[in-house]
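# Understanding the architecture of this molecule
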Amino acid sequence: MRRIIRQLQTISIVLMILFSSIASVSSQPLWNTMNNEKEVLKLSVWFTAQEVDQYLSSDTGLDNAVNWCKHYGATKVNLESYGRGLYANRNTLVNARKRFLKEGFEVASGATTEDGPDNFEKFHCYTKKANQEELQRLVEYAASMFDEIVIDDWYFTNYQCDECITARGNQSWAEYNTDLMYKMSQERVLKPAHAVNPNVKVIIKYPQWNDEYHLRGYDVVRESKIFDGIWVGTEARNFDYEKSQGYEIGYNAYFNMRWLATLGRVGGGWFDTGGSRTKVTTYIEQARHTVLGDGNDMILWSYGGHLGATPKMEALSKELPGLVKLAKIVHGKPIKGVQLLKPGNSDPFEESWVCSFLGNLGIPFIPASEVDEKVKSAVFPVQALKDPDFVVKLQRMLDKGTPVVVTDGLAKRLANYPDLLKKLTILPVKGSPKTLLKMTREEIKPFRDKLLAPFGMKFDAPNKVELYLFGDNTFVVENINEEAVDVTLDLPNVMKISKTLVLPEDGGNGELSLSGKTVKIKISPSTLV
C-alpha cells in the first residue's frame, strides 16, 4: 500500500509539473501567436552587455526576463557580448543562451563598438592598431558563443588624430574613412569571426542617418555586399521643426529600409523607446514603418529601457497582431510608384534628409540607389549627381517624355544645361528640406498630379499623409497628423474596394466610400488604413 501511495504521489507531482507548464504557456497568448507567426514577423529584445550582467546572472533575473519577453510577444533575444567598454560575463552569456533556447526563443548576440557612453576617444579611431586588435577581440569573443552577431551602429569612425591625418594622405575624409572601415570589416570582423565559428552570421546594423554614412566610414555600397545581412535603424522622434534632425522623422525609417534593400539583404529594423522625445503614437509609427519597409524582425533596444516604458510596450502588444496582418499584406508584393533616387555614398550638400521629408507629401515612392530609366516618373534630389552619367540618363528620360521633378538644389547645379532645365519641374526645397512640411495641400497638388499621371491616378491629401502602393491592387494610407483628415484617391478601372486593415485595430478609424473611380477616406489621427 505504501508503494502504491508513493507511486500516486509521484504521478501527482508529475501531473502538477505538467499542468504548471501548460498553464505557463497558455498564460502567454501573445507569445503563442507571435511564435506561430515568426516566419512572417518577429519581435526581438536586445540585452546590452550591462543588462546581461545585471539582469541575467541569477535564476530570478532570468525568470523575470523570460516572462517579460513572453508577455509582450518577443520570440527572439540578442545578448550583447560586448558594449560600451564591457565584456559581458561569459558564464552568464552561456547560461542565459541555454535558458532562452530551452524556453523556445531564438538567441543571437551583438556588439556595440563603443568604449563608453558617448566616448569617441578609443574605438572610433580605427587607424590605431590597438583599436583594430580590440575590435577583432570583441568579435571573436561573440563568435565563440553565438551563431549570429549584429554589429550595432556605433561601428563608425570620424576621428581625425595626427595618425589619421598622416594615413589619409591626399584622400578626402569620406574616402579615407570608408576605405578604412571596409578594410576593418574584412580583416578585423568577418575573417576572424568565421575563423572562430565557420557557421556564424555577422550582420551590420546601419543607423538612421543615411546622408552621412560615407562621412563616418559606412560604405553601404561595398559593406552591404560582404556582410551576411543588414539591420536598419528605424528610430523616430516627435518631430520638432526647430530642433529635430531630418533622420528623426518617421518616413526616414521606411526610406532607409527600402533603399538599403537595393544594396544588400535587409532583415529587419531596430528602434528604441525614445524617452520623452517619443510619444506613444510616434513609438508605434516606428514599428509600422519597419513593417512597411518589409522588415521581418523588429529589435527593441533595449530590455532595461523598455522595462520603464510600460505604456509604450502595452500599446505595441495591442498593435502586434495587426502588424502581423500588415506584414502579410506587404510581404512578397513589389512596391509601385515614383522613383526617388539616392546613390550610395552620395553627398547631400544643402539637402540633407530630403528623401525623408519627401515621403510626407503623399507621393508613393520607390527608393532607389541607381537610376532606372524605365520608371514611369521620378524625383531627383541633389544627391543624384553622385552618378557620373546622371545628366545623360536624365536627358534620355526626358526625351521619352518621362515626368521628372528635381529639387532646386539639383536644378542650380544643372545651370549649364538650359535646354534640359526647360523640361524639368523644380521643387522648391530652399536649402532646407524640412520646409517641405509647410507645403499646403494646394501647393503639393501640381507636383503630385504630374508624378502620378502615368499611373492614371490622383491623390489629394494634406501634408504628412503617406501613400504606399503594393502590387497591383493594394494601397496603404497613413495619417501622421494629430487630427483626422479627408483624402481622395482616383484609381483607374476600379470596380470595388475593400478595407483589409486599420491600425490601431482598437480605436483607429478609416471610413471608405467609392464614387465612380474616386475612393474617399476619412482617417483618424495617427492611423494606418
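Look up: the structure comes first, before these words.
Residues numbered from 1 in each chain as written. Predicted model: local features only at pLDDT ≥ 70, side-chain atom pairs only at ≥ 80, totals over all residues. Heavy atoms only, no water.

## Quick look at helix α6 (residues 129-143)
Between the first and last C-alpha of α6 there are 21 Å, a value that for 15 residues agrees with the 21 Å anticipated at 1.5 Å per step. When α6 is considered as a whole, its buried residues turn out to be Asn-131, Gln-132, Glu-134, Leu-135, Gln-136, Leu-138, Val-139, Tyr-141, Ala-142 and Ala-143. Elements that come into contact with the buried residues of α6 comprise β2 (76-83), β3 (86-87), α5 (90-102), β4 (106-112), β5 (148-151) and α8 (173-196). (Helix = DSSP H or I, 4+ residues; strand = E, 2+ residues; numbered from the N terminus. Expected span 1.5 Å × (residues − 1). Buried < 20%, exposed > 50% of the residue type's maximum accessible area, 1.4 Å probe, protein only. Contact = heavy atoms within 4.5 Å.)

## Thoughts on the sheet that holds strand β15 (residues 425-427)
Within the open sheet, the five strands sit side by side as β12-β11-β13-β14-β15. Their pairing is parallel. Either end of the sheet is taken by a strand with one partner, and the two such strands are β12 (365-368) and β15. Within this sheet the neighbouring strands show an average axis-to-axis angle of 25°, counted without direction. For strand β11 (residues 338-341) and β12, the ladder comprises four bridges, and the chain directions are parallel. Counted as the bridge partner of Leu-341 is Ala-368 from β12. In this fold helix α15 (residues 390-399) packs onto β13 (378-380) and β14 (404-407), with an angle of close to 150° to the strand it touches most, β13. (Pairing = 2+ DSSP bridges. Axes fitted to C-alpha atoms, helices over the stretch in contact; angles between N-to-C directions.)

## Let's talk about the packing of aromatic side chains
A full pass over the atoms with the stated rule returns 29 aromatic pairs. Between Tyr-213 and Trp-259, the aromatic rings sit 6.4 Å apart at their centres with planes inclined by 20°, giving stacked as the arrangement. Residue Tyr-213 is found in the loop between β6 (201-206) and α9 (220-226), and its partner Trp-259 is found in helix α10 (residues 251-260); the two are separated by 46 residues along the sequence. Judged by relative accessible area, Trp-259 falls into the buried class, the value being 0%. (Phe/Tyr/Trp six-rings, centres within 6.5 Å; stacked < 30°, edge-to-face > 60°.)

## Quick word on the sheet that holds strand β16 (residues 458-460)
Taken together, the four strands give an open sheet; going across it, the order is β16-β19-β21-β20, and neighbouring strands pair in antiparallel fashion. The sheet is open, and its two edges are formed by β16 and β20 (510-515), each paired on a single side. Shown here is a sheet whose adjacent strand axes are inclined to one another by a mean of 15°, direction ignored. As defined by bridge partners, β16 adjoins strand β19 (residues 485-490) across three bridges and the pair is classed as antiparallel. Bridge pairing in β19 places Phe-459 opposite Leu-489. The sheet strands contacting helix α18 (residues 441-452) are β16 and β19, and the helix crosses β16 at an angle near 165°.

## Notes on the pattern of salt bridges
According to the stated counting rule, one finds 32 salt bridges in the structure shown. The closest approach of N and O atoms between Glu-350 and Arg-413, which form a salt bridge, is 2.9 Å. Taken together, the residues span a long stretch of sequence, with Glu-350 in the loop between β11 and α14 (354-358) and Arg-413 in the loop between α16 (408-412) and α17 (418-421) at a distance of 63 residues. Between Lys-393 and Asp-387 there is a salt bridge, with the nearest N and O atoms lying 2.8 Å from each other. The pair formed by Lys-393 and Asp-387 is uniform in burial state, with each residue classed as buried. Through salt bridges with shared partners, a single network forms among Asp-63, Lys-70, Arg-99 and Glu-103. (Salt bridge = Lys/Arg side-chain N within 4 Å of Asp/Glu carboxyl O.)

## Some remarks on the side chain of Asn-256
In this fold, Asn-256 is placed in helix α10. Taking the relative accessible area as the measure of exposure, Asn-256 reaches 0% and is therefore buried. A distance of 3.4 Å separates a polar atom in the side chain of Asn-256 from the backbone oxygen of Pro-207. A polar contact is formed between the side chain of Asn-256 and the side chain of Asn-210, at a distance of 2.8 Å. Non-local contacts of Asn-256, meaning those with residues more than four positions away in its chain, are made with Pro-207, Gln-208, Asn-210, Tyr-213, Val-232 and Gly-233. (Polar contact = N/O pair within 3.5 Å; in protein donor to acceptor, adjacent residues only side chain to side chain.)

## With respect to the packing of α10 against helix α11 (residues 280-292)
Relative to each other, α10 and α11 sit at 25°, their axes nearing to 8 Å. Considering their axes alone, α10 and α11 lie roughly parallel with respect to each other. When the axes of α10 and α11 are compared, the crossing they make is right-handed. Contact residues: α10 offers Tyr-251, Ala-253, Tyr-254, Met-257 and Arg-258, while α11 offers His-289, Thr-290 and Leu-292. Here the residues of the contact of α10 with α11 are counted per class, giving five nonpolar, two polar and one charged. (Parallel < 35°, antiparallel > 145°, perpendicular 65-115°, else oblique. Left-handed = near helix turned anticlockwise from the far one by under 90°. Nonpolar A, V, L, I, M, F, W, Y, C, P; charged D, E, K, R; others polar.)

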